[in-house]
Amino acid sequence: MGTHGLHLHHILSGHSQPAEPVVTPASSNNVIKTTTTKSTVSSGKYSLSDFKILRTLGTGSFGRVHLVQSVHNRRYYAIKVLKKAQVVKMKQVEHTNDERRMLKLVEHPFLIRMWGTFQDSKNLFMVMDYIEGGELFSLLRKSQRFPNPVAKFYAAEVVMALDYLHSNNIIYRDLKPENILLDKSGHIKITDFGFAKEVPDVTYTLCGTPDYIAPEVVSSKPYNKSVDWWSVGILIYEMLAGYTPFYDRTPLKTYENILQCHVRYPSYIHPDARDLLEHLITKDLTRRYGNLANGTADIYNHPWFAEVVWEKLYSKTIETPYEPPIEPGVGDSSLFDRYPEEQPDYGATGPDPYASLFKDF
Ligand SMILES: Nc1ncnc2c1ncn2[C@@H]1O[C@H](COP(=O)(O)OP(=O)(O)OP(=O)(O)O)[C@@H](O)[C@H]1O
């Protein structure tokens, strides 16, 4: 695969289509049903013997994500495995339980779907849909940067997903191109809820990837969901420029740049995009879109998104700018980088000192 895969359609160019009204997604679609009657997840439904564990698709701080195949229906899934000892050591018990609880609740076309969880004495397992098209990050690095309409397409899907989470009082907090996967037709799926937090109001914890962290988080001020709108700004910038605006040699320098918040806009960035970015990548919370009196309408109705037909995007009835070159449904994982495989201890039995910490799994 290479940049040749990036062919543009007219969906977002707007020239060939009559203008359609921009509509914020109906809130009825947008609310998580908190009644437990229709849950897709039930603890104890799965066990390791239900799956054949295949290659590693990605690694994180506490474990890895495997491609797996169900021995029953032969379908492919992704299983995230977290080592209990590592989760405890890195003080992520609460985050991990939060991730499980939130993945169980959310239901949105652009958010990863979780089917169930289980555990052995050493590990936690989360069964998710396998998203075959690889990371947006890989596509971006191969493409160097995205043409304006391509960046707009991915940004619009991200905006809808974050708006849905926010309307359910969830701040995502870890937006970056590595956590945005592409499905077989090229729509996004956001994965990795390890840092998402359910917050009625404001929260203080520092977490996330340096390049995408909002200044109020860096300086340990209380913050709210507008940190995600900041990260959307960084994401759009990175998609258009090919690099993040505050990149530097060390995380510390990046933090300093974030606090200074001086952004250089290359001349090839479209004026509408620049205007939106200036209202997202701003320290001034009284100017940051998503955080003002109009809420997300300032983003949905921004001129840069003028051609986006939001309901069509939501129903995935528009063409995507890039179709991943894979054969769907057969466990093709050619778009994922290779990782060294470990001898796994999955299925470990014996004493479990952490049993009381992960009762929900
Ligand atoms: N459902 C999925 N389908 C395909 N690949 C996936 C899926 N979920 C995760 N991955 C791959 O595994 C990688 C790591 O997943 P994830 O970010 O959830 O792990 P993590 O341990 O929480 O990582 P981090 O340390 O970045 O928080 C992702 O970047 C992606 O490449």
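Quick caveat: nothing in here was measured; it's all calculated off a predicted structure. (Residues numbered from 1 in each chain as written. Predicted model: local features only at pLDDT ≥ 70, side-chain atom pairs only at ≥ 80, totals over all residues. Heavy atoms only, no water.)

Visitor: Help me understand the overall build of the protein chain in this model?
Guide: When helices and strands are counted, the protein chain shows 10 helices and 9 strands. Sorting the 361 residues of the protein chain into buried and exposed places 53% on the buried side. Of the contacts made within the protein chain by residues no fewer than 6 positions apart, 70% connect residues no fewer than 24 positions apart. About 16400 Å² of surface is accessible on the protein chain, with carbon and sulfur atoms providing 52% of the total. (Helix = DSSP H or I, 4+ residues; strand = E, 2+ residues; numbered from the N terminus. Buried < 20%, exposed > 50% of the residue type's maximum accessible area, 1.4 Å probe, protein only. Contact = heavy atoms within 4.5 Å. Areas by Shrake-Rupley, 256 points an atom, 1.4 Å probe, with all protein chains shown as cover.)

Visitor: Looking at this model, I keep getting lost on the domain arrangement of the protein chain. Mind explaining?
Guide: Split into domains, the protein chain comes out as domain 1 (48-132 + 332-354) and domain 2 (136-314). Relative to domain 2, the C-alpha centre of domain 1 lies at a distance of 26 Å. On the domain 2 side, the residues contacting the 22 residues of domain 1 number 26 residues. In this assembly, domain 1 packs against domain 2 so that about 2200 Å² is buried in total across both faces, 63% of it on carbon and sulfur atoms. Of all residues in domain 1, M102, F110 and I131 bury the most surface against domain 2, accounting for 32% of the area lost on that side. In this structure, the salt-bridge partner of K80 is D192, at a minimum N-O distance of 3.4 Å. (Domains from an automatic or database assignment. Buried area = accessible area lost by both parts, 1.4 Å probe. Salt bridge = Lys/Arg side-chain N within 4 Å of Asp/Glu carboxyl O.)

Visitor: I keep staring at the environment of Y265 and nothing clicks. Help me out?
Guide: Among the structural elements, Y265 can be located in the loop between α7 (251-260) and α8 (271-278). Between the C-alpha atoms of Y265 and L175, which are 90 residues apart in sequence, the distance is 21 Å. Apart from residues no more than four positions distant in its own chain, Y265 is found in contact with Y237, R274, L277, E278 and I281.

Visitor: I would appreciate a short explanation of the environment of T56 in the present structure.
Guide: You can see T56 is positioned in strand β1 (residues 51-59). Distance in space between the C-alpha atoms of T56 and P340 is 8.0 Å, their sequence separation being 284 residues. Filtering out sequence-adjacent residues up to four positions away, T56 remains in contact with R64, V65, H66, D337, Y339 and E341. Side chain to side chain, T56 and R64 meet in a polar contact 2.9 Å long. In terms of polar contacts, T56 uses its side chain to reach the side chain of E341, at 2.5 Å. (Polar contact = N/O pair within 3.5 Å; in protein donor to acceptor, adjacent residues only side chain to side chain.)

Visitor: Looking at this structure, how should I read the site of the ligand?
Guide: Neighbouring the ligand are 20 residues; S61, K80, D129, E135 and D192 lie closest to it. Between the ligand and D129 there is a distance of 2.8 Å, counted from a nitrogen atom to a backbone nitrogen or oxygen. In this structure, D192 approaches the ligand through a side-chain N or O atom, which is 2.7 Å from an oxygen atom. Among the secondary structure elements, those contributing two or more residues to the shell around the ligand are β1, β3 (76-83) and β5 (123-129). Across the shell around the ligand, the residue classes break down as 9 nonpolar, 5 polar and 6 charged. Looking at which domains feed residues into the shell around the ligand, each of domain 1 (48-132 + 332-354) and domain 2 (136-314) supplies at least three. (Near = heavy atom within 4 Å. Nonpolar A, V, L, I, M, F, W, Y, C, P; charged D, E, K, R; others polar.)

Visitor: In this structure, what is going on with the packing of helix α6 (residues 226-241) against α8? I would like to understand it.
Guide: If you want to describe how two helices pack, look at the angle between their axes and the distance between the axes. With their axes 9 Å apart at the nearest point, α6 and α8 run at an angle of 150° to one another. Relative to α8, the element α6 lies roughly antiparallel. Seen along the crossing, α6 lies across α8 with a hand that is left-handed. Of the residues in α8, those in contact with G233, I236, Y237 and L240 of α6 are A273, L276 and L277. In the contact of α6 with α8, the residues fall into 6 nonpolar, 1 polar and no charged. (Axes fitted to C-alpha atoms, helices over the stretch in contact; angles between N-to-C directions. Parallel < 35°, antiparallel > 145°, perpendicular 65-115°, else oblique. Left-handed = near helix turned anticlockwise from the far one by under 90°.)

Visitor: How do you make sense of unusual backbone geometry when you look at a structure like this?
Guide: Glycine aside, residues mostly have negative phi, and peptide bonds are mostly found in the trans state. With phi around 70°, R173 is a residue other than glycine that occupies positive phi space. You can see R173 is positioned in the loop between β6 (170-171) and β7 (180-182). Located in the positive-phi region is C261, a residue other than glycine, with phi close to 60°. Note that C261 resides in the loop between α7 and α8.

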